[in-house]
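Examining the three-dimensional arrangement
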Amino acid sequence: DMAQVTVQDSGPGLGAETARRIFEPFFTTKTEGIGLGLAISRALIEADGGQLWAEPGTGSGATFHFTLPFAS
């Protein structure tokens, strides 16, 4: 009863420390950014009954998944 979406980019990927902290408010790896995007995204998805998580991997690219329940 859930839809799952997976998004993968071609950037530098996620190291272990970054993957551990990526959803913390105000944590960012960018020189210009406030670090709220993923924290807000996770809060909104969880408020609607879904989940958002990152899949740390080796090599290039980061993979994110989220689920949301189907509308009834």
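Residues numbered from 1 in each chain as written. Predicted model: local features only at pLDDT ≥ 70, side-chain atom pairs only at ≥ 80, totals over all residues. Heavy atoms only, no water.

A word on the overall build of the protein
- The helix and strand tally for the protein stands at 2 helices and 3 strands.
- Ordered by position from N to C terminus, the α and β elements of the protein give β-α-α-β-β.
- The principal-axis extents of the C-alpha atoms in the protein amount to approximately 40 × 25 × 20 Å.
- Among the 72 residues that make up the protein, the fraction classed as buried is 24%.
- Summarising the internal contacts of the protein: among those between residues at least 6 apart in sequence, 54% fall at separations of at least 24.
- Accessible surface computed for the protein: about 5100 Å², of which carbon and sulfur atoms make up 55%.
- Averaging the locations of the 4 positively and 8 negatively charged side chains of the protein gives two centres separated by 8 Å. (Helix = DSSP H or I, 4+ residues; strand = E, 2+ residues; numbered from the N terminus. Buried < 20%, exposed > 50% of the residue type's maximum accessible area, 1.4 Å probe, protein only. Contact = heavy atoms within 4.5 Å. Areas by Shrake-Rupley, 256 points an atom, 1.4 Å probe, with all protein chains shown as cover. Lys, Arg positive; Asp, Glu negative; His and termini not counted. Charge placed at Lys NZ, Arg CZ, Asp CG, Glu CD.)

Considering the sheet that holds strand E1 (residues 2–8)
- Within the open sheet, the 3 strands sit side by side as E1-E3-E2. Their pairing is antiparallel. Edge strands, defined here as strands with exactly one partner in the open sheet, are E1 and strand E2 (51–55). Across the sheet, the mean angle separating the axes of adjacent strands is 15° when strand polarity is ignored.
- Pairing of E1 with strand E3 (residues 63–69), which is carried by 7 bridges, proceeds in the antiparallel orientation. The residue of E3 that forms the bridge with Met2 is Pro69.
- Strands in contact with helix H2 (residues 37–47) are E2 and E3; relative to E2, the strand with the most contacts, it is inclined by about 140°. (Pairing = 2+ DSSP bridges. Axes fitted to C-alpha atoms, helices over the stretch in contact; angles between N-to-C directions.)

Observations regarding the packing of aromatic side chains
- Using the criterion set out here, one finds 1 aromatic pair in the structure.
- When the ring of Phe23 is compared with that of Phe64, the centres are 6.4 Å apart and the planes differ by 85°; the resulting orientation is edge-to-face. You can see Phe23 sitting in the loop between helix H1 (16–21) and H2 and its partner Phe64 sitting in strand E3, a full 41 residues away along the chain.
- Taking the relative accessible area as the measure of exposure, Phe23 reaches 13% and is therefore buried. (Phe/Tyr/Trp six-rings, centres within 6.5 Å; stacked < 30°, edge-to-face > 60°.)

Focus: the side chain of Thr67
- Note that Thr67 resides in strand E3.
- Dropping the residues within four chain positions of it, Thr67 is found in contact with Met2, Ala3, Gln4, Ile45, Gly50, Gln51 and Trp53.

Remember that the coordinates give geometry; whether it matters functionally is a separate question.
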